[in-house]
Amino acid sequence: MVSKTSYYLKEFEFYDGESFITFNILNFNEDKNTVEVAITDRGRITVSEFDIYKDFNGNYIEYKHMLNKIYLKNFN
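What comes next concerns the included structure. Bear in mind that the values here come from a model prediction, so they are computed numbers and not experimental data.

## Overview of the packing of aromatic side chains
And then number 1: Counted according to the given criterion, the structure contains eight aromatic pairs.
And then number 2: For the pair F12 and F75, a centre-to-centre distance of 5.5 Å together with 40° between the ring planes defines the contact as tilted. Placement of the pair is F12 in strand 1 (residues 11-15) and F75 in the segment after strand 7 (68-71), with a sequence separation of 63 residues.
And then number 3: A relative accessible area of 17% means that F12 is categorised as buried.
And then number 4: The structure contains a cluster of three or more aromatic residues connected by ring pairs, namely F12, F14, F23, F50, Y63 and F75.
And then number 5: Cation over ring: K69 sits above Y60, and NZ or CZ is 4.7 Å from the ring centre.

Structure below.
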């Protein structure tokens, strides 16, 4: 499992082909293995909860209908 304090309020920018989308980690739920993220996308801010998955590259979340992998280790 991922440490709560090591990623709190960390930020990641993802380019979707048209613009940058900013992710900020707000909270981890260790019981459900989920992460709550604030997403800034084209001027709109939303808060979403994502399941945390793991593969050979580390822990990640899947974003949008294309299921883009956003790795938690890339958050700064």
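## What about the sheet that holds strand 4 (residues 44-51)?
And then number 1: The strand order across the open sheet formed by four strands is 1-2-3-4, and the pairing between neighbours is antiparallel. Single-partner strands in this sheet number two, and they are strand 1 and strand 4. Here the strands of the sheet are splayed against their neighbours by 30° on average, with no regard to which way each runs.
And then number 2: By the bridge criterion, five bridges tie strand 1 to strand 2 (residues 20-29) in an arrangement that is antiparallel.

## Structural notes on the side chain of S19
And then number 1: Assignment of secondary structure puts S19 in the loop between strand 1 and strand 2.
And then number 2: For S19, a relative accessible area of 19% corresponds to the buried category.
And then number 3: Among the polar contacts listed, one links the side chain of S19 to the side chain of R42, at a separation of 3.5 Å.
And then number 4: With near-sequence residues (within four places) excluded, S19 lies in contact with F14 and R42.

Calculation notes
- Residues numbered from 1 in each chain as written.
- Predicted model: local features only at pLDDT ≥ 70, side-chain atom pairs only at ≥ 80, totals over all residues.
- Heavy atoms only, no water.
- Phe/Tyr/Trp six-rings, centres within 6.5 Å; stacked < 30°, edge-to-face > 60°.
- Helix = DSSP H or I, 4+ residues; strand = E, 2+ residues; numbered from the N terminus.
- Buried < 20%, exposed > 50% of the residue type's maximum accessible area, 1.4 Å probe, protein only.
- Lys NZ or Arg CZ within 6 Å of the ring centre and 35° of its normal.
- Pairing = 2+ DSSP bridges.
- Axes fitted to C-alpha atoms, helices over the stretch in contact; angles between N-to-C directions.
- Polar contact = N/O pair within 3.5 Å; in protein donor to acceptor, adjacent residues only side chain to side chain.
- Contact = heavy atoms within 4.5 Å.

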